[in-house]
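# A structural walkthrough
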Amino acid sequence: MAKPDYVRIVEEVFERYKGKPLIYIGKHILRWDALAKVTGKALFTADFLKLYKNLVWVYSLRTRYAHALIKGVDVSGAERVSGVLKVITANDIPGVNDVGYVIPDQPLLAYKKVRYIGDTIALVVADDPYIAREAAERVHVDYEPLPVYTDPEEIVDLMTLKEKPHTSIHGERDSDIVAHYKIRAGDVEKALREADVVVENKYRTPMQEHAYIEPEAAISIPEPDGGITIITSTQCPFDVRRAVARVLGLPQNMIRVIVPFVGGGFGGKEDVADELGAKAALATYLTGRPAVVVHTREESIIGHSKRHPMVAWYRHAARRDGTLLAVEANILLDTGGYASLGPFVAWRTTVHSTGPYRVSNARIDTLAVYTNTIYSGAFRGFGDPQVQFAVERQMDILAEELGIDPVELRLKNILRAGDRTVHGQLLTEEHGVGLEEAIKKVVEASDWYRKRREYTGERGRLRKGIGIAVGWHGNSIGVEGADYSSVTLIINRDGTITFRTGLMDMGQGSLWGLVLIAAEILGVPPNYFRIEQPDTASTPDAGPTVASRATVMGGNAALVAAYRLRKRINEIASQMLECSPEEIVVEAPRIYCRSDPEKETTWQEVVEQSFWLGVPLQEFGYYRAPRAKWEEETGRGEPYITYTFGAIVSEVTVDLETGQVWVDRAYIAYDIGRVINPVGAEHHAEGGFIQGMGYALMEEVVHSKEGWIYNPNLSTYYIPTMKDTPREFHVFFVEAGYKRGPFGAKGLGEPSIVPVAPSIVNAISHALGIRFYEIPLPPHKIYLLAKKHGLTKI
Amino acid sequence: MSSSNGEYPDIPIKLNVNGRDYVVTVKPYERLIDVLRYKLGFTGVKEGCGRGECGSCLVIMDGKLVPSCLVLAVRANGSRITTIEGIAPEGKLHAIQKALLDVHAVQCGYCLPGVIVAVKYLLDRNPEPSDEEIMEVLDGCLCRCGTYPRFLKAVKLAIKYVREGKTYFDVKEAVEV
Amino acid sequence: MLDLWSLRGELAYVRREDGFVKIGALTTIDDLYNSFLGKERKYLGFVDLYKGFGAYYLRSIATVGGNIGAGHPLSDAAILLMALDAEVKLVSKSGERMVKLNKLYRGKRELDRRPDELIMEVRFRDTPDNSSTALLKIDRRHGHSMGYTVTAAYLELDGNIIRDVRIAFDSMGEPYPGRAYKTEEYLRGRELSEETIHGAYSVLESEMKRISDYRAPAEYRLDLSKVLMKRALLLIRDRLSKG
């Protein structure tokens, strides 16, 4: 099949600009929305409430039991409360009562059964939020409690992978195993026989909460023609539209979703906005009034998806010289009460399960199972941080067993251009494989070898440690669906430019990178552009803002649109200036001929001329990634278009008396193909490290045996503060260009958290000479293990 | 909000916010944050947790830095309050706002109003705070995007600006980067 | 629900009177720090209290009366005041009475306070110049937090001899703060040294019962209590050796 035009354009731009100096790309330029944010003028979803009158507030009555049958619901008591307009239950839903993101397993309003503590049974709609909350106490629900499962090992046996007898959580399905992905490569048995050393261990990672500072919110507004407009904090406006249309039984073009400023997402606002949007829209549909759903912090923690907790058994086999021979793993992901993005997470987990290494023999089984914990879905990394923790711990332990330096062991086995991944995908220069360079940068900058020796000999109360971890992360969505993106560029009559895309900003700033790409190709400064907020009525569906895809996919779409517009600008200018189109130089506001710079005009004049000539100056840029390939039974194929690689060296100090850890320095390097927006890239390296540090040291959502949450607020769910931040950050970027990325760029949104936790735990392990197999490692865990090993006596 | 809750009385209170006097009617259970955001429109004040644990709702009230989500509206009767909308005159940026732009310390921006108000409060009391004092005040402002290292840089830059007599900048000057 | 803030004028004070330090119930943590308690060497424990008290912005609205009245084990002000052998003045229409802090708590969030009584004031004897105080806690992050456990100590030294000592913890086994009486008795009259303190560990262990919960196991809380006790006493010694 012939190469699509848009791919040809991306590759042409990659070649043309390779090694050339760039004007906007790679420069630190103040982002478009910085001023609005520092002045407090930026409007986030809940801020819009000040503009609407006659609102109704929607309060979700949630279940008292994490697992129970619902025998009956009586809302009459609540409906009688003054100020309550309606109490909505499943019976009132006009369309389909489901908001499942991947599989239709998640009712918006529970009616037969509840499966986790956040399940909503009724919506109390009142014109005062306090009335709504108080009235909810008068809804009477008849429950028949069922056994509560909070550990995936109660559902499936980790070693046999067989489902255990238990009270079915999703009885409508054959099994509570939601997904099972595999890799079968080479001959693992043979490799085990030939191995000089075999290392096998069990690993655990916790349920992590996104804890974005802006809680979820949705406002719905009735339109005169029966349509509904929704303003909500979401990463996927077109998915919200689809979900709301489905719940209300309305056509999609009657639902409009607008995304204002969003205060953090990290994957947590991928599917929950469908739920909030549908709740608000339902209230509007049934009352005819604008409706609002705003989560308190507790509702946010209890009521949205989480990072899948993982239990995994890993076995690595290697030769004496450090060559990896085989990797085996049984990986259990706890997807909680509902699947959410669990099936996709399980797939990505499997793809990345052996780490960025040459592994020809592998047997991997990943299972995602239901339990009665809060449902897990998308969270920065999407399964990769979980397995990369296990893999990088395994590598360090192997290094110890073999007496090889951990860096040397990595260098011996990492993927380089020309190698095949465990799925058999051949990685070439075209993909950009800069892992070795990334490792070398952090090893050199951190003075690894000296510190590794020096810290090993310490004997005092405070012990220093230095650790390394590497990681990889496939860009965009692989086999999860059709992978496309789009950007519309409109050059207005006065020469300013309107930039439209369905991709959104949650703080990550990738849209600015897209503008810099368009700016570079058009030859105009970024401040000519105005980015419109995502709006299903006017910005094109660019796919969801997830999977570290905005820069690559959105960037390519922006590139294609800008390329085509530039061609037309060149044509018109060449007519005006009488030189060939290839010679037109645009340095807006100036446009001139390269061969004769005296022949010049302005950007505004060329734009005006094209209006007179009837040459349209708007362009819809579209880019579609080639279909990913994946064989279900063997895991062979080409799962991702390319991979971002990273290496981190962390230095810690541990206090043996208390178990406290200070992360002193972080040396971070990512191969992102080409740095488009360095401010954004640096933010990711620093911010991703801090979030990953929280994952390593302090964060975990804890369920009671009954499925309640012990720590549903920010004083009991600890995220890092100013005082926890490492003193020093050293950030490096490697540019091993990806030929089909915009100017060679790859994504960084998720890769920037992947190697963090293992680098810190490897450092702590080094500091204490003790092996750790789980995170988080708060002081009490470290102290008690150190005590058990005789490092402290009290 | 609170249009029909007849069980509770309507209490008039007087506030001075960002230099102007306002009279609003509140329910006894309403919080200062509700009044500022929804009755008076100062949505620069953000709600992140409602429990005084995240710092996004900080305002300066009668010279003290307080979390507006933990102050009952009735308690604010007669108070002078400064929100982020009032830390600089119209058309101007305070040194800390300019510094945050200069060191590129803006990601999602949701925690920024709290940070900015806290730093304004700090610098008004002590234009040369030590690192420890800076950390003390900012420790309570949670930022999930992880902009912490740049906050510290920004405060140090703001201190420098103030020392050079530049407490306020024209907005136009600030964005010409 | 009654809001008492309008009584701030009457109930927010820190003063010396009749050999006591008297603190009004509506005195904020900020007020404490700004008073003489935040400046005198013997009351450095109040500086610790201030610096560790949650986030900075809570200190101007959190009150001493509120901290004592909440009856939560992790009430830093109550723990420090307990180490200062403080007593609380409870007032009602029928009169007033003094209750020692170490006798005030009865159960989980339960005080020896009748529903018609108000906590008006807390007071303790002004301590001698050769004494000082400290309050310590750590948690799973370095930023503002409640603490795994909280330790407060009062120490009076005569040269290197422990003339008097009082040690209070967030819990000795009950769901409210308590004093380590046996440990205090063991330490009184001995020479202050790391060895002496190590000797006190087993005494503390005999009178402290810790619980395990989702935040930490009992063993850790017990060990940490010993470590923080040691650090608090050595810190006070350090404070006394300086001006």
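Per chain, residues are indexed from 1 in the order of the written sequence. Naming scheme: in the order in which they are written, chains are lettered from A and ligands are numbered from 1. Local features are withheld for residues below a pLDDT of 70 in this predicted model, meaning they are given only at 70 or higher, and side-chain atom pairs are given and counted only at 80 or more; totals for whole chains, interfaces and linings count all residues.

### Considerations on the overall build of chain C
Elements are defined by DSSP. Helices are runs of H or I of four residues or more, strands are runs of E of two residues or more, and each kind is numbered from the N terminus. When helices and strands are counted, chain C shows 9 helices and 11 strands. The size measure is the radius of gyration over C-alpha atoms, and the globule rule it meets is 2.2 Å times the number of residues to the 0.38 power. For chain C, whose C-alpha radius of gyration is 17 Å, the value lies close to the compact-globule estimate of 18 Å for 243 residues. Placing C-beta atoms from the backbone, we regard two residues as in contact once those atoms come within 7 Å. Looking at chain C alone, contacts between residues at least 24 apart form 59% of all its contacts between residues at least 6 apart.

### Some remarks on the domain arrangement of chain C
Residues and elements named next belong to chain C. Partitioning chain C into domains gives domain 1 (5-125) and domain 2 (131-241). An automatic or database domain assignment provides the domain bounds reported here. Placing a centre on the C-alpha atoms of domain 1 and another on those of domain 2 gives a separation of 21 Å. Domain 1 puts 26 residues into the contact, and the matching count from domain 2 is 26 residues. Looking at the side of domain 1 that touches domain 2, the elements that each hand over two or more residues are α3 (44-52), α5 (76-83) and β5 (105-107).

### Some thoughts on the nonpolar core
A general feature of soluble globular proteins is that nonpolar side chains tend to end up buried together. Ranked by size, the top nonpolar core spans 412 residues in total, and within it V124 and A518 of chain A carry the most contacts. Examining the composition of this core, we find that 14 residues originate from one element, helix α15 (residues 550-577) of chain A, more than from any other. Note on terminology: a nonpolar core is a set of buried residues of type Ala, Val, Leu, Ile, Met, Phe, Trp, Tyr or Cys, with members joined through C-beta atoms within 7 Å. Our exposure labels follow a C-beta count within 10 Å of each residue's own C-beta, placed from the backbone: buried means 20 or more other C-beta atoms, exposed means 12 or fewer, and partly exposed covers the counts in between.

### Considering the sheet that holds strand β6 (residues 140-145) of chain A
Strands are treated as partners if at least two bridges between them are detected by DSSP. The strand order across the open sheet built from 3 strands is β4-β2-β6 (chain A), with neighbouring strands paired in antiparallel fashion. Edge positions in the sheet fall to β4 (113-114) and β6 of chain A, since each of these pairs with one other strand and no more.

### Re the packing of helix α3 (residues 112-125) of chain B against helix α4 (residues 131-138) of chain B
All names here are of chain B. Axis definition: a line fitted to C-alpha atoms, limited for helices to the stretch in contact. Angles are taken between N-to-C directions and run from 0 to 180 degrees. Between α3 and α4, the least distance of the axes is 10 Å, while the angle of their chain directions is 140°. Comparing their axes, α4 and α3 come out oblique. Both α3 and α4 take part in a crossing whose hand is right-handed. Touching V115, A118 and L122 of α3 are I134, V137 and L138, all from α4. Angular relationships are summarised with four words: roughly parallel below 35 degrees, roughly antiparallel beyond 145, roughly perpendicular across 65 to 115, and oblique for the angles in between. By convention, the crossing between two helices is left-handed when the near helix turns anticlockwise from the far helix through less than a right angle, and right-handed when the turn is clockwise.

### Focus on the interface of chain B and chain A
On the side of chain A, 50 residues touch chain B, which itself brings 48 residues to the contact. Mapped onto the side of chain B that touches chain A, the elements with two or more residues apiece are α1 (32-39), α2 (95-102), α3, α4 and α5 (148-163) of chain B. Considering only residue class, the side of chain B that touches chain A consists of 25 nonpolar, 17 polar and 6 charged. Here the nonpolar group is Ala, Val, Leu, Ile, Met, Phe, Trp, Tyr, Cys and Pro; Asp, Glu, Lys and Arg are the charged ones; every other residue, Gly included, is treated as polar.

### As for the pairing of strand β9 (residues 217-222) of chain A
Across a regular strand the side chains alternate sides, sitting on one face of the sheet and then on the other. Residues and elements named next belong to chain A. With 5 of 6 residues buried, β9 lies mostly within the body of the structure. Of the pairings in the sheet, the one linking β9 to strand β12 (residues 291-294) comprises 4 bridges and is antiparallel in character. Bridging from a neighbouring strand, A217 pairs with V294 of β12. In sequence, β9 turns back onto strand β10 (residues 228-232) through a hairpin of 5 residues, with G226 there showing a positive phi of about 95°.

### Considering the domain arrangement of chain B
Residue and element names in this part refer to chain B. With domains assigned, chain B is organised as domain 1 (11-86) and domain 2 (92-175). For domain 1 and domain 2, the distance between their C-alpha centres works out to 22 Å. Listed per partner, the contact involves 12 residues of domain 1 and 11 residues of domain 2. When residues of the side of domain 1 that touches domain 2 are assigned to their parent elements, the largest contribution, 3 residues, is made by strand β3 (residues 58-61). Of the residues contributing to the side of domain 1 that touches domain 2, the split by class is 8 nonpolar, 3 polar and 1 charged.

### Quick look at α2 of chain B
Judged by how many residues are buried, α2 of chain B sits mostly within the fold: 7 of 8 residues are covered. All of the buried residues in α2 of chain B are A95, I96, Q97, K98, A99, L100 and L101 of chain B. Considering only its buried residues, α2 of chain B is in contact with α2 (34-38) of chain A together with β6 (92-94), α3, α5, β7 (168-170) and α6 (171-175) of chain B. Immediately beyond the C-terminal end of α2 of chain B, within one or two residues, lies H104 of chain B, with a positive phi of roughly 55°.

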